[in-house]
Amino acid sequence: MNIGLIGLGKMGLNLALNLIDHGYGVVGFDKFLSEDTKKEYSDIKYKDSLKELVKSLEKPRVIWVMVPSGEVTDGVLNQLGLLLDNDDIIIDGGNSRYTDSVRRNKDLKELGIHLLDVGTSGGTTGARNGASLMVGGDKEVYDYVEHIFKAIATENGFGYMGESGAGHYVKMVHNGIEYGMMQAIGEGFDVLEASQYNLDYKEVSKVWANGSIIAGLLMDMVQSAVNKDPKLDEIVGRVDDSGEGQWTIEEALRLKVSIPVITQSLYSRYKSKDDEKFAEKIVAAMRNEFGGHKVYKK
């Protein structure tokens, strides 16, 4: 079976290789992909346009889309809507907002095209060797392509979450939880760094990553990072966010559910990008005004 794959960045390329390892043919399209990369990964059948990709696939076509969320995904799906036929299947494996997935599913269904929203976790390593997949959409469509998810997921790492949008909804909350967990790990190492002990973070992370209560993929990533750069001297402490944490908080507000840890973790990311530290300047100025406390000046 040949599967179309649109978007061959870090995640998409690894998914393509994973699919090939499990006996699927992959027809790929990515207008930004270099010729050197195409030569290096020659098992993928590359096409120069979406039209050529669609023409090359047998019906009903299955096309996995792995591009940035928002306008880019809308653009790709709108183009596919003009090219695909009745009962063709699109899998959106990016980090789309669940409300967008519901809207897109409705629009495509009017054209006779099926859309599955698939939250994809596990990073590039998971995409290559066994991902975690959270799938939403029509159950009959899921059942038809379930063999694909089973092949490329880690053991017990895939499942049907429910109707349209449910896959990306579960992934949104998953990423909100991830924000909180990452922040807690970072703060823990902050305490270690401020302590009186000259700690070897390679040793700390090795122990924490093996058999401890906080062992897991995130701690494995810490271990990998400090093995390359023991004090992370080459990294600036600026943390971006890709939207899912904010969406989770907005959803919690809509549902009137309290999620203080996730909320604070997002605020911490915002603060990490604040070079001016204006709030801190205001606090320092107030302390100086009412108590004569020291103010540090440039």
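Refer to the structure above for everything that follows.
Residues numbered from 1 in each chain as written. Predicted model: local features only at pLDDT ≥ 70, side-chain atom pairs only at ≥ 80, totals over all residues. Heavy atoms only, no water.

1. Considerations on the nonpolar core
This is how it is decided: Among buried residues, the Ala, Val, Leu, Ile, Met, Phe, Trp, Tyr and Cys ones that are joined through side-chain atoms within 4.5 Å form a nonpolar core. Burial classes: relative accessible area under 20% of the type maximum marks a residue as buried, over 50% as exposed, and values in between as partly exposed (1.4 Å probe, protein chains only). The helix count covers DSSP runs of H or I at least four residues long, the strand count covers runs of E at least two residues long, and both are numbered beginning at the N terminus. Contacts were defined at the residue level, with two residues in contact if any of their heavy atoms lie within 4.5 Å.
In terms of nonpolar packing, the biggest core is built from 31 residues, with Leu5, Trp64 and Phe149 touching the most fellow members. Among the elements of the structure, strand 1 (2–6), helix 1 (10–21), strand 4 (62–65), strand 5 (89–92), strand 6 (114–121), strand 7 (131–136) and helix 7 (139–152) are those that each provide at least two residues to this core. Per-element tally for this core: the top contributor is helix 7, with 7 residues. Dropping the residues within four chain positions of it, Phe149 is found in contact with Trp64, Ile91, Leu116, Val118, Leu133, Val135, Tyr142 and Phe158. If you look at the next biggest cluster of nonpolar residues, it comprises 18 residues, including Leu50, Leu53, Ile63 and Leu108.

2. Here we look at the pairing of strand 6
Spelled out, the test is: Paired strands are those between which DSSP finds at least two bridges.
Along strand 6, 7 of the 8 residues are buried, which leaves the element largely enclosed by surrounding structure. Pairing geometry for strand 5 and strand 6, over 4 bridges, is parallel. Among the inter-strand pairings, Asp92 is bridged to a residue of strand 6, identified as Asp117.

3. What about the packing of aromatic side chains?
Put simply, the rule is: Two aromatic rings from Phe, Tyr or Trp, using only the six-membered ring of Trp, form a pair when their centres are within 6.5 Å; if the ring planes differ by under 30 degrees the pair is stacked, by over 60 it is edge-to-face, and anything between is tilted. Either the NZ atom of lysine or the CZ atom of arginine qualifies as a charge over a ring when it sits within 6 Å of the ring centre and within 35 degrees of the ring normal.
Enumeration over the complete set of coordinates arrives at 7 aromatic pairs. Taking the centre distance of 5.5 Å and the plane angle of 80° together, the rings of Phe189 and Tyr201 count as edge-to-face. Taken together, the residues span a long stretch of sequence, with Phe189 in helix 8 (residues 166–194) and Tyr201 in helix 9 (residues 201–208) at a distance of 12 residues. With relative accessibility at 13%, the residue Phe189 sits in the buried group. Ring geometry for Tyr267 and Tyr270: centres 6.5 Å apart, planes at 35°, overall tilted. Of the two residues, Tyr267 and Tyr270 both sit in helix 12 (residues 260–272), 3 residues apart, roughly one turn of that helix. Of note, Lys139 hangs over the ring of Tyr160, and the distance from its end group to the ring centre comes to 5.7 Å.

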